[in-house]
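Remarks on the overall topology
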Amino acid sequence: MNAAAPLRAALELRAAATPEDPFLFFRGERGHFRWWSFARCAACLAGESGARATSAGEGEAESFLERLALEGEPPLVAPLAGLLGPSPTRRDIWISHRSVEVPAQSALALYCARSGAAVLREPGERLHPELLAWARPTLLCDEAGELERLIQGFAALAPGLAPARWRRRRLARLRAVLVQGEGSGGLAARLAALGVGPGARVLPFPGSGW
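Now for a look at the structure at hand. (Residues numbered from 1 in each chain as written. Predicted model: local features only at pLDDT ≥ 70, side-chain atom pairs only at ≥ 80, totals over all residues. Heavy atoms only, no water.)

**Side note on unusual backbone geometry**
Here is the rule: Here a strand is any run of E in DSSP of at least two residues, a helix any run of H or I of at least four, and the numbering for each starts at the N terminus.
Of note, Arg136 is a non-glycine position whose phi angle comes to about 50°, a positive value. Counting through the fold element by element, Arg136 comes out in the loop between helix H6 (129–135) and strand S5 (139–143). Despite not being glycine, Ala162 has its phi angle at roughly 50°, a positive value. Relative to the elements of secondary structure, Ala162 occurs in the loop between helix H7 (144–156) and helix H8 (163–171).

Here is the structure:
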């Protein structure tokens, strides 16, 4: 593995500063979420024996890190960091579900490592609205149609008693929705109707051109 790989270098810097902060959340063997700290992730990529995976769930996490670490500097990281800037109040939380070969995934993962954000890894073709409600992320990224489906599914989960309050509480931390491809649909208006915080923005992922 390239010792100068950007992800590994970023994790090592974070591990030196905040070693025990969670970086990567993933599902363990029983389906419950577990997490690895910056120190554990950096040690795993360094090949330290005590930091390598010991179960199937950890194996998925290790594979995710290793595949990202093989990437060079993603060309979209710099414009992405400029677009998002630092989180104004707390650490970011981003849900990753697509293949690491998707440029947005590697760019966002490196942005998170460098900024001290956390990554929740849930691989699959689509994100489930229940996960959005549970994780309460600060960052989302996908194509407009998939984001619209996710938001609609999330809105339908609200209970009959005080649904608006339920939605607002779970969207309160959302600060940026990054849309890949053409157009943003009605996402901004839909999110505003659901009570998302005033600081949340719907933005084109760098290079999307809308």
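**Here's the deal with the state of the cysteines**
Test applied: In what follows, a disulfide is any cysteine sulfur pair within 2.5 Å.
One pass over the full model with this rule turns up zero disulfides. Summary of cysteine pairing: Cys44 is not part of a disulfide, and the nearest cysteine sulfur, belonging to Cys41, is at 7.1 Å.

**Description of the packing of aromatic side chains**
Keep this limit in mind: Aromatic rings from Phe, Tyr and Trp, with only the six-membered ring used for Trp, were paired whenever their centres fell within 6.5 Å, and each pair was classed as stacked if the ring planes differed by under 30 degrees, edge-to-face if by over 60, and tilted otherwise. Relative accessible area decides the class of each residue, using a 1.4 Å probe on protein chains only: under 20% of the type maximum gives buried, over 50% gives exposed, and in between gives partly exposed.
Taken as a whole, this structure holds four aromatic pairs when the rule is applied. Ring geometry for Phe23 versus Phe38: centroids 5.0 Å apart, planes at 35°, classification tilted. Of the two residues, Phe23 sits in strand S1 (residues 22–27) while Phe38 sits in helix H2 (residues 38–45), which places them 15 residues apart along the sequence. Here the two residues Phe23 and Phe38 agree in accessibility, since each one is buried. Judged by centre distance (5.1 Å) and plane angle (10°), the rings of Phe33 and Trp134 are stacked. Placement of Phe33 in strand S2 (residues 33–37) and of Trp134 in helix H6 is noted, with a sequence separation of 101 residues between them.

**Focus on the side chain of Arg98**
This is how the line gets drawn: Here a polar contact means two N or O atoms within 3.5 Å. Within protein one must be a hydrogen donor candidate and the other an acceptor candidate, and residues neighboring in sequence count only if both atoms are side-chain atoms. Any two residues whose heavy atoms approach within 4.5 Å at even a single point are treated as in contact.
Among the secondary structure elements, Arg98 is positioned in the loop between strand S3 (93–96) and helix H5 (103–115). Classification of Arg98 as buried rests on a relative accessible area of 14%. There is a polar contact of 2.4 Å between the side chain of Arg98 and the side chain of Gln180. Once residues lying within four places of it in the same chain are set aside, the contact partners of Arg98 are Ala104, Gln105, Arg121, Cys141, Asp142 and Gln180.

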